[in-house]
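Chain by chain, the residues run as shown.
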Amino acid sequence: MEKVESGSVENGTLADFQIPAKKLNVVFVLGGPGSGKGTQCTKIVEAFGFVHLSAGDLLRAEAKSGSESGIMIDNMMKEGKIVPAEVTVKLLEKAMKKSNNDKFLIDGFPRSLDNRELFDSVTGIEPRFILFFDCPKEEMERRLLGRNQGRDDDNEDTIRKRFKTFIETSLPVVKFYEEFDKVHKIDATRTVDEVFSSIEPLFQEFKRVRLLSLTTSFFRSLVTTISLCYVICSMFVFAIHLL
């Protein structure tokens, strides 16, 4: 797997990111449409302090913006096609920089091997691992048609195109990362709680890091408070001696 040798994100919009690329924790979340990625990402965010970046949500927001690129994105999504990797990576970079966090769930990305290669070369970020939500096509279709979210791409024709695109372009990404033993395959046919129970152990190391960070912050605050109290008391004693 190719890597950018630079220790920080120097290419693209993350050039002035304050956190080195090698210290950013990125988990790619892949699975077919309706496999439950978004629901589980919400639970991971709550439990482990990650920032959830949905490539699909970012693209849909841009599509609604009315910009030239937004119109192009809107047309391509209605056709169930892959949006150019440059556009998606740019949106992801912008969102990562804005978050000022070091832990990211990137949901629905990379959508193709081209996406993966561009993200790798532009950012220099190596994913910690990949969560792959394995779910039969029939179950995903049932969920999509039943969720009634009012999305333009939640109709039978577009759903079938999205399934076809996922099989042809996204599954090769999963196979690529399997060669590096980075894929954790999740049985997404179970209940929300059952699925999360199988995911939770994968993120325990991040929970420890978070607790350590909170503890460090607490002691820093405590030391600052004690120092301030000492200064105030010293000033008070000095003032008494002057009287």
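Everything numeric in this text was worked out from a predicted model, so none of it was measured. (Residues numbered from 1 in each chain as written. Predicted model: local features only at pLDDT ≥ 70, side-chain atom pairs only at ≥ 80, totals over all residues. Heavy atoms only, no water.)

**Q** Can you walk me through the overall build of the protein in this structure?
**A** Scanning the protein for helices and strands turns up nine helices and five strands. Taken from the N to the C terminus, the helices and strands of the protein come in the order β-α-β-α-α-α-β-α-β-α-α-β-α-α. Considering the protein as a whole, with its 243 residues, one finds that 40% of them fall into the buried category. Sequence separation of at least 24 residues holds for 77% of the intrachain contacts in the protein that already meet a minimum separation of 6. (Helix = DSSP H or I, 4+ residues; strand = E, 2+ residues; numbered from the N terminus. Buried < 20%, exposed > 50% of the residue type's maximum accessible area, 1.4 Å probe, protein only. Contact = heavy atoms within 4.5 Å.)

**Q** It is not clear to me how the UniProt feature "binding site: CMP" (unreviewed entry) in the protein should be interpreted in this structure. Could you clarify?
**A** Per the UniProt entry, the sites bearing "binding site: CMP" (unreviewed entry) are Asn-115 in this numbering. Relative to the helices and strands, Asn-115 is located in helix α5 (residues 113-123). The exposure class assigned to Asn-115 is buried, which follows from its relative accessible area of 2%. (UniProt positions renumbered as here; feature names shortened; annotations may be inferred.)

**Q** What exactly am I supposed to notice about the packing of aromatic side chains here?
**A** To describe a pair of aromatic rings, one takes the distance between the centres and the angle between the planes. Tallied over the entire structure, the rule returns 11 aromatic pairs. Geometrically, the ring pair formed by Phe-176 and Tyr-177 is edge-to-face, given 5.2 Å between the ring centres and 80° between the ring planes. Under the relative-accessibility criterion, Phe-176 is labelled buried at 17%. On the accessibility criterion, Tyr-177 (2% relative accessible area) is buried. A network of ring pairs unites the aromatic residues Phe-28, Phe-109, Phe-119, Phe-176, Tyr-177 and Phe-180 as a single cluster. If you follow Lys-43 out to its NZ or CZ, it ends over the ring of Phe-196, 5.1 Å from the centre. (Phe/Tyr/Trp six-rings, centres within 6.5 Å; stacked < 30°, edge-to-face > 60°. Lys NZ or Arg CZ within 6 Å of the ring centre and 35° of its normal.)

**Q** What's the story with the pattern of salt bridges in this structure? I'm lost.
**A** A side chain with one charge can pair with a side chain of the opposite charge if their charged atoms come near. Enumeration over the complete set of coordinates arrives at 12 salt bridges. Linking Lys-78 and Asp-74 is a salt bridge whose minimum nitrogen-to-oxygen distance equals 3.4 Å. Separated by four residues within a single helix, Lys-78 and Asp-74 lie in helix α3 (residues 68-78), roughly one turn from each other. Judged by relative accessible area, Lys-78 falls into the partly exposed class, the value being 43%. With a closest N to O distance of 3.7 Å, Glu-79 and Lys-161 form a salt bridge. Linking Glu-79 in the loop between α3 and α4 (85-99) with Lys-161 in helix α7 (residues 156-178), this pair joins segments that are 82 residues apart in sequence. Here Lys-161 falls in the partly exposed class, since its relative accessible area comes to 27%. Each of Glu-79, Asp-157 and Lys-161 takes part in a single network of salt bridges with overlapping partners. (Salt bridge = Lys/Arg side-chain N within 4 Å of Asp/Glu carboxyl O.)

**Q** What's the story with the environment of Ala-47 in this structure? I'm lost.
**A** For Ala-47, the position within the fold is in helix α1 (residues 37-48). Relative accessible area serves as the criterion here: at 27%, Ala-47 is assigned to the partly exposed category.

**Q** What is the right way to read unusual backbone geometry from this model?
**A** Outside of glycine, negative phi angles account for most residues, and trans bonds account for most peptide bonds. The peptide bond linking Phe-109 to Pro-110 adopts the cis configuration, its omega dihedral lying at 0°. Secondary-structure assignment places Pro-110 in the loop between β3 (103-107) and α5. For Asn-100, which is not a glycine, the phi torsion comes out positive at approximately 55°. Along the polypeptide, Asn-100 turns up in the loop between α4 and β3. At Asp-181, a position not held by glycine, the phi torsion is positive, near 55°. Secondary-structure assignment places Asp-181 in the loop between α7 and β5 (183-187). Assessed through its relative accessible area of 70%, Asp-181 is described here as exposed.

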